[in-house]
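Analysis of the macromolecular model
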Amino acid sequence: MSDHVVLHVKGRVLVGPEEVRDELWVVDGRITYDRPVSAADVRTVRGWALPGLVDAHCHVGLDRHGAVDKATSEKQALTDRDAGTLLLRDAGSPSDTRWIDAREDLPRIIRAGRHIARTRRYIRNYAHEIEPADLVAYVAQEARRGDGWVKLVGDWLDREAGDLGACWPRDAVEAAIAEAHRLGARVTAHCFAEDSLRDLVEAGIDCIEHATGLTDETIPLFAERGVAIVPTLVNIATFPQLADGGETKFPRWSAHMRRLHERRYDTVRSAYDAGIPVYVGTDAGGSLPHGLVAAEVAELVTAGIPATEALSATAWGARSWLGRPGLDEGAPADLVVYEADPRADVRVLAAPTRVVLRGRVIG
């Protein structure tokens, strides 16, 4: 679409969960609710409009083996874009994807730098693998490289114990999180199991990824501190397959993974009921493909989160949490249009009729 074309989005514009308008206009790539005085070339799009969706946990520039080339990174970003996912929080990548910022046709990315893991306690080729004495220095490094986030690996398989185990001592995470906050960055951590959660939350962490290890003892702590979770249920669905693969060598770990999987919906619903902020993330880019946000929203609804709240976890609420605008007056026009009301049936998210990125209709 030419920069001189005015876009008219008409139908139902979901400015917020309850705030619905009949139309908006896109002029020079930005949203306005005031009809342009003169517009010689107007293109009208009809339907139900939402802010561009958010995947708050994905990995652009990463596959199951580690860093990927630019062509693969581009394909990952395009897949998300075409699914209506226009804002990505990249929760750790070894690739430099800054070049994407110059592309008007690709989603916006909020980066957390590269994962920071304990030596030999994470997936090979993914993370900086270090010891606790170096944690503060690496957190400072990634805080400066990222876009306001740092990603720790909070727990992983401890081969000697044969089960999931916390990766960092309490004093190390306290110092590291304090340093990140001093530098203006928030901190999140990969956590499957129960053991690391209390230390991380009491040390001041801002978010936990996966959070399958939440219990009746730690849920109130998360709620009190306002620590968000990104459950990545489409990824947790792979736990039984992972458990089968490790059964012979690590039977305790396999049994633990199955238990975490079995209670996954109860865990997420209990967290939501307690007032813990819940956001949509897919963990795409490791072993999972990109473009799965609609499936993750549907999983949150299956877990018992009301449809409008599950939508907010990938739309209004998620954008606010990440400090990015939605369908606000003067905001960049990043939005998705659907044939029907996604609040009535979130499965509508899987079939956008139009994607508008930076004011341009691209799908």
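All values reported here derive from a predicted model rather than from experimental measurement. (Residues numbered from 1 in each chain as written. Predicted model: local features only at pLDDT ≥ 70, side-chain atom pairs only at ≥ 80, totals over all residues. Heavy atoms only, no water.)

Examining unusual backbone geometry
- Positive phi, normally seen in glycine, also occurs at Arg 120, with a value near 60 degrees.
- Of note, Arg 120 is situated in the loop between β10 (116-118) and β11 (128-130). (Helix = DSSP H or I, 4+ residues; strand = E, 2+ residues; numbered from the N terminus.)

Regarding the environment of Thr 232
- Secondary-structure assignment places Thr 232 in the loop between β17 (228-230) and α6 (233-236).
- Overall, the relative accessible area of 0% leaves Thr 232 in the buried class. (Buried < 20%, exposed > 50% of the residue type's maximum accessible area, 1.4 Å probe, protein only.)

Examining the packing of helix α7 (residues 239-246) against helix α8 (residues 251-262)
- Two elements in contact, α7 and α8, have axes whose closest approach is 8 Å; the angle formed by their N-to-C orientations is 170 degrees. What the angle tells us is that α7 and α8 run roughly antiparallel. Contacts between α7 and α8 involve Phe 239, Pro 240, Leu 242, Ala 243, Asp 244 and Gly 246 on the former and, on the latter, Pro 251, Trp 253, Ser 254, Met 257, Arg 258, Leu 260 and His 261.
- Classifying every residue of the contact of α7 with α8 gives eight nonpolar, three polar and two charged. (Axes fitted to C-alpha atoms, helices over the stretch in contact; angles between N-to-C directions. Parallel < 35°, antiparallel > 145°, perpendicular 65-115°, else oblique. Contact = heavy atoms within 4.5 Å. Nonpolar A, V, L, I, M, F, W, Y, C, P; charged D, E, K, R; others polar.)

Notes on the sheet that holds strand β1 (residues 6-14)
- The seven strands lie next to each other as β3-β2-β1-β4-β18-β19-β20, forming an open sheet whose pairing is mixed. The two strands at the open ends of the sheet, each matched to only one other strand, are β3 (30-32) and β20 (360-361).
- Here strand β19 (residues 354-357) runs beside β20; their pairing, made up of two bridges, is antiparallel. Residue pairing for β20: Leu 357 is matched across the bridge by Arg 360. (Pairing = 2+ DSSP bridges.)

Description of the nonpolar core
- Core analysis: the biggest nonpolar cluster contains 77 residues, and Leu 135, Ile 205, Ile 208, Phe 222 and Leu 300 have the highest contact counts within it.
- By residue number, the principal contributor to this core is helix α3 (residues 170-182), which donates five residues.
- With residues up to four places along the chain from it excluded, the contact list for Leu 300 reads Pro 231, Leu 233, Val 268, Val 278, Val 280, Ile 305, Ala 310 and Ala 313.
- In this structure, Val 9, Leu 24, Val 26 and Val 361 belong to the second largest nonpolar core, which totals 16 residues. (Core = buried A, V, L, I, M, F, W, Y, C linked by side-chain atoms within 4.5 Å.)

Quick notes on helix α10 (residues 293-302)
- Every buried residue of α10 is accounted for by Val 293, Ala 294, Glu 296, Val 297, Glu 299 and Leu 300.
- Of the residues flanking the end of α10, it is Gly 304, one or two places downstream, whose phi is positive at about 110 degrees.

Concerning the packing of helix α2 (residues 135-145) against α3
- The contact between α2 and α3 brings their axes to 9 Å, and the two run at 25 degrees. Classified by the interaxial angle, the pair formed by α2 and α3 is roughly parallel. Here α2 runs over α3; the crossing is right-handed. Facing Leu 135, Val 136, Val 139, Ala 140 and Arg 144 of α2, the residues of α3 in contact are Ala 172, Val 173, Ala 175, Ala 176, Glu 179, Ala 180 and Arg 182.
- Its residues assigned to classes, the contact of α2 with α3 comprises nine nonpolar, no polar and three charged. (Left-handed = near helix turned anticlockwise from the far one by under 90°.)

Coordinates in, geometry out; function isn't part of it.
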